[in-house]
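Observations on the model geometry
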Amino acid sequence: MNKKYHFFCHLALLLSLVTFAQTGQQKKADKLFKNFSYAKAADVYHDLIEKNIDTTYTSKQLGDTYSFLRNPDSAVVYYKNAISQKNIEPIYYFKYAKALRGVENYDEAQIWLKKYNEISDSLKTELPLNDANFLENILSAKQVYFLNDVKVNSEFSDFGAYEYNGNIYFASSRDKGVLTKKTYGWNNEPFLDVYVTESITDSTVNHKNKLKGKVNSVFHDGPLTITNDGKTMYFSRNDFIKNKRGKDELGSTNLKIYKASLVDNEWTNVEELPFNSSYFSNGHPALNADNTKLYFTSDRPGGFGGSDIYYVVLGEDEAISEPVNAGNIINTQQNESFPFLNSEDILYFSSDGHLGLGLLDIFETKTDSNNNAIDVVNLGLPINSSKDDFSYFINSDNLTGYFASNRNGGVGSDDIYAFNKLPELIIAGTIVDTDTKEPIKDSKIVLVTPTGEELATAISDENGYYEIKVDRDNNYGLKLFKEGYIDLTSLISTRNLDKTVSKITENIELNPKVIETIQDAEFFPIYFDYNKSNIREDGSNELDRIVNYMMNKYPEMVIKIASYTDSRGSNKYNLKLSEDRAVSTFKYLVDHGVSPSRILGYKGYGEDNLTNNCDDSTKCSEDEHQKNRRTEFVIIRN
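Residues numbered from 1 in each chain as written. Predicted model: local features only at pLDDT ≥ 70, side-chain atom pairs only at ≥ 80, totals over all residues. Heavy atoms only, no water.

Regarding its fold elements, the protein chain presents 10 helices and 36 strands. Taken over C-alpha atoms, the radius of gyration comes to 36 Å for the protein chain, far larger than the 26 Å a tight globule of 638 residues would show. Projected onto its principal axes, the C-alpha coordinates of the protein chain cover approximately 120 × 65 × 50 Å. With 638 residues in all, the protein chain has 52% of them scored as buried. Restricting the contact set of the protein chain to residue pairs at least 6 apart, pairs at least 24 apart contribute 56%. A distance of 5 Å separates the average location of the 70 positive side-chain charges in the protein chain from that of its 92 negative side-chain charges. (Helix = DSSP H or I, 4+ residues; strand = E, 2+ residues; numbered from the N terminus. Rg over C-alpha atoms; globule rule 2.2 N^0.38 Å. Buried < 20%, exposed > 50% of the residue type's maximum accessible area, 1.4 Å probe, protein only. Contact = heavy atoms within 4.5 Å. Lys, Arg positive; Asp, Glu negative; His and termini not counted. Charge placed at Lys NZ, Arg CZ, Asp CG, Glu CD.)

This part is about the sheet that holds strand β19 (residues 361–367). If you trace the four strands from one edge of the open sheet to the other, you get β17-β18-β19-β20, paired in antiparallel fashion. This sheet does not close on itself; its edge strands, each paired only once, are β17 (336–341) and β20 (373–378). The average angle at which neighbouring strand axes cross in this sheet is 30°, direction not considered. Sheet topology places strand β18 (residues 347–351) next to β19; four bridges connect them, and they run antiparallel. Opposite Ser-350, over in β19, you have Ile-362 as the bridge partner. (Pairing = 2+ DSSP bridges. Axes fitted to C-alpha atoms, helices over the stretch in contact; angles between N-to-C directions.)

With respect to the helices and strands, Gly-63 occurs in helix α3 (residues 55–68). On the accessibility criterion, Gly-63 (0% relative accessible area) is buried. The spatial distance from the C-alpha of Gly-63 to the C-alpha of Ser-337 is 23 Å, given a sequence separation of 274 residues. Discounting chain neighbours no more than four positions away, the residues touching Gly-63 are Ala-75, Tyr-78 and Tyr-79.

What follows covers the pairing of strand β13 (residues 282–287). Judged by how many residues are buried, β13 sits mostly within the fold: six of six residues are covered. Where β13 meets strand β14 (residues 293–298), four bridges bridge the pair, whose relative direction is antiparallel. Each bridged residue has a counterpart across the sheet, and for Ala-286 the counterpart in β14 is Tyr-295. Hairpin connection between β13 and β14: a loop of five residues separates the two successive antiparallel strands, and Asn-291 in this loop has a positive phi of roughly 65°.

Here we have four strands laid out as an open sheet, ordered β13-β14-β15-β16, and antiparallel in their pairing. With one partner strand each, in any of the chains shown, β13 and β16 (324–325) form the two edges of the open sheet. In terms of strand pairing, β14 meets strand β15 (residues 308–313) through six bridges, oriented antiparallel. By the bridge assignment, Lys-293 is partnered in β15 with Val-313.

Let us look at the packing of α3 against helix α4 (residues 72–83). Relative to each other, α3 and α4 sit at 155°, their axes nearing to 8 Å. Between α3 and α4, the interaxial angle falls into the category roughly antiparallel. Here α3 and α4 pass one another in a crossing that is left-handed. Here Ser-59, Lys-60, Leu-62, Gly-63, Asp-64, Tyr-66 and Ser-67 of α3 lie close against α4, whose contacting residues are Ser-74, Ala-75, Tyr-78, Tyr-79, Asn-81 and Ala-82. Considered class by class, the residues forming the contact of α3 with α4 number six nonpolar, five polar and two charged. (Parallel < 35°, antiparallel > 145°, perpendicular 65-115°, else oblique. Left-handed = near helix turned anticlockwise from the far one by under 90°. Nonpolar A, V, L, I, M, F, W, Y, C, P; charged D, E, K, R; others polar.)

Counting 38 residues, the largest nonpolar core has Tyr-169, Val-215, Leu-224, Met-233, Phe-235, Tyr-392 and Tyr-402 as its most contacted members. Tallying contributions element by element places strand β23 (residues 415–421) first for this core, with four residues. By size, the runner-up hydrophobic cluster in this structure holds 31 residues, among which are Tyr-45, Tyr-79, Ala-99 and Ala-109. (Core = buried A, V, L, I, M, F, W, Y, C linked by side-chain atoms within 4.5 Å.)

The next subject is α4. Spanning 12 residues, α4 covers 16 Å between terminal C-alpha atoms, matching the ideal 16 Å at 1.5 Å per step. Pro-72, Ser-74, Ala-75, Val-76, Tyr-78, Tyr-79, Ala-82 and Ile-83 are the residues of α4 that are buried. Buried residues along α4 sit against α2 (38–50), α3, α5 (91–102) and α6 (106–119). (Expected span 1.5 Å × (residues − 1).)

By the secondary structure assignment, Asp-414 is in the loop between β22 (400–405) and β23. Here Asp-414 is buried and forms no salt bridge, its nearest opposite-charge partner Arg-70 lying at an N-O distance of 7.7 Å. Polar side-chain contacts of Asp-414 include one of 2.8 Å to the side chain of Ser-157. (Salt bridge = Lys/Arg side-chain N within 4 Å of Asp/Glu carboxyl O. Polar contact = N/O pair within 3.5 Å; in protein donor to acceptor, adjacent residues only side chain to side chain.)

Among the five residues of strand β6 (residues 193–197), five are classified as buried, and the element is accordingly described as predominantly covered. Note that strand β3 (residues 167–172) and β6 share five bridges and pair antiparallel. Paired with Tyr-169 across the bridge in β6 is Val-196.

Time to look at the state of the cysteines. Covalent bonding between the sulfur atoms of two cysteines is what defines a disulfide. Enumeration according to the criterion identifies one disulfide in this entry. Between the sulfur atoms of Cys-614 and its disulfide partner Cys-620 the distance amounts to 2.1 Å. Judged by the torsion about the S-S bond (-105°), the Cys-614/Cys-620 disulfide is left-handed. A relative accessible area of 17% places Cys-620 in the buried class. (Disulfide = S-S within 2.5 Å.)

With that out of the way, let us pick up the pattern of salt bridges. Going through the model one piece at a time under the given rule, you end up with 25 salt bridges. Residue Lys-256 is joined to Asp-239 by a salt bridge in which the shortest nitrogen-to-oxygen separation is 3.2 Å. Here the residue Lys-256 occupies a position in strand β11 (residues 255–263), and Asp-239 occupies one in the loop between β8 (232–238) and β9 (240–241), the gap between them amounting to 17 residues. In this structure, Lys-256 and Asp-239 share a single accessibility class: buried.

Moving on, we get to the packing of α4 against α5. Where α4 contacts α5, the two axes come as close as 8 Å, and the packing angle between them is 150°. Pair α4 / α5 crosses with left-handed handedness. Touching Pro-72, Ala-75, Val-76, Tyr-79, Lys-80 and Ile-83 of α4 are Tyr-92, Tyr-93, Lys-95, Tyr-96, Ala-99, Leu-100 and Gly-102, all from α5. For the contact of α4 with α5, the residue count by class is 10 nonpolar, one polar and two charged.

All right, on to the environment of Asp-608 then. Structurally, the position occupied by Asp-608 is in the loop between β35 (599–604) and α10 (622–626). Assessed through its relative accessible area of 49%, Asp-608 is described here as partly exposed. Sequence-wise, Asp-608 and Ser-567 are 41 residues apart; in three dimensions their C-alpha atoms are separated by 8.4 Å.

In this model, α2 (13 residues) spans 18 Å end to end at C-alpha, consistent with the 18 Å of a helix rising 1.5 Å per residue. Taken residue by residue, α2 has Tyr-38, Ala-39, Ala-41, Ala-42, Val-44, Tyr-45 and Leu-48 as its buried positions. Following α2 by one or two positions, Asn-52 adopts a phi angle in the positive range, close to 60°.

Below you can see the structure in the form of structure tokens.
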């Protein structure tokens, strides 16, 4: 199929003049189908099926018709009939698989998608094979979104809810209470207009709630976005301005993006944006947080698939850049649409090309530190379903919002759903010295499960502050590490928290390690001969005493080893010699039973930290030099 007709197939936003050829039912049905009058075409194709006229062809056409009408429940019936025939085109395996996903028959969908991939190379990467664990992960994920009551929906299509300054704007094809407008041949519903209400639970929304001004036309209008200052609105509309309707080479009227200005409480001065064309569609405008970029959907040439997400840069003096494709992390060979950016510039969009539950699903974009997209995440239940889920919006609090869906159980063909979202939960606090109360910078904080599995890591800043994201209804441990301080583990529970809680404060005090240099305490230095690193007999006596203390008297004691030289020789040589002395000392203790884990470190410092004035500028006796050729022991009491 032509990719532009697949662009807004769930919303039916392409136009065509419908004519009714009366040269036989088959020609009539095909004419209706060609002119996108799918609702009427379906009726005629059904008559042909009942009369058993060319059932293979008619089943294929009915499957496609219901696919365009976003009705997989019916499409799957006729695609199944089609693929049972001999010499059926492989593309119908693919179409059948998509329809099966729409009715939640995922296992069967996988069979036919794999069969299609084995036969055809043309679309192998177009629809992802469902990951074996995807559905299990979606179904077992902890619920983050909760749906709220909505009464604004009609028996027709309602979607694109957008809240600004206490008003909720949305697109709807309801048109009761006035003279009936012309209907849209695709689905036999009236054309879309923009409505506004103060409450999503208002069940009395009617023609009196239509947006005041010049935004609504006789064709499709909406959805929209509004600038932060409330003065400019960007909106989708069919190619129609100043009572002139544009058409492409096939006579179809595509979507364009327009802007309007608020004058005396009415939206007027409608202008077309410069990157539009009558030969492809642009729609679903969405502004980023500071209004410097306008995102939108387009099936313009040069994209990755049927429709892609693009953006333009909005400059000073109303300058607008050329459109930029959002890239292949976001866009696929299928269809991406309905972009939305929250107050933190996180991009949400709908797609039937990423791993999902059925037809269009809503996804959240993950970015790196440079705000480049690195992944997309399916929002899961209850936001997504096996049907079309789209037009996601969330308020600046990042807790409440709306989306639309044609899922089962709705009021109309597309319905608006309201949600509240659990706030992200963090553990945060300040780490200080228990004695001085001064903040401790560069402490390492490790989040662990009750079994010790590491989940995340944070480093405290210059103010000792840290924060780590956690899930609700779990138990965690926080392990803290900082050189010179005793390691600490703090137990945290996120169970039974109020849903409004977004932060758990955990301020932590670290105790400095008690360090003693043992020239005047239990352990004494051992000494070395000039230019030697082997343990002397007097040194072994002291080391044996240390072994006895550590093995018997203080079985939990931990020590450090620090070795030195006198000042004679080069710095490089002396550093190497001192390291050899540290190794000899360490090896002696370990060989005599001390666990290596109880020796926190062994290091040579060369001729640093002389015990007297015997540096290179001073002439000293051999006895004075001897005092510097040593290993000292630092005791750390835990």
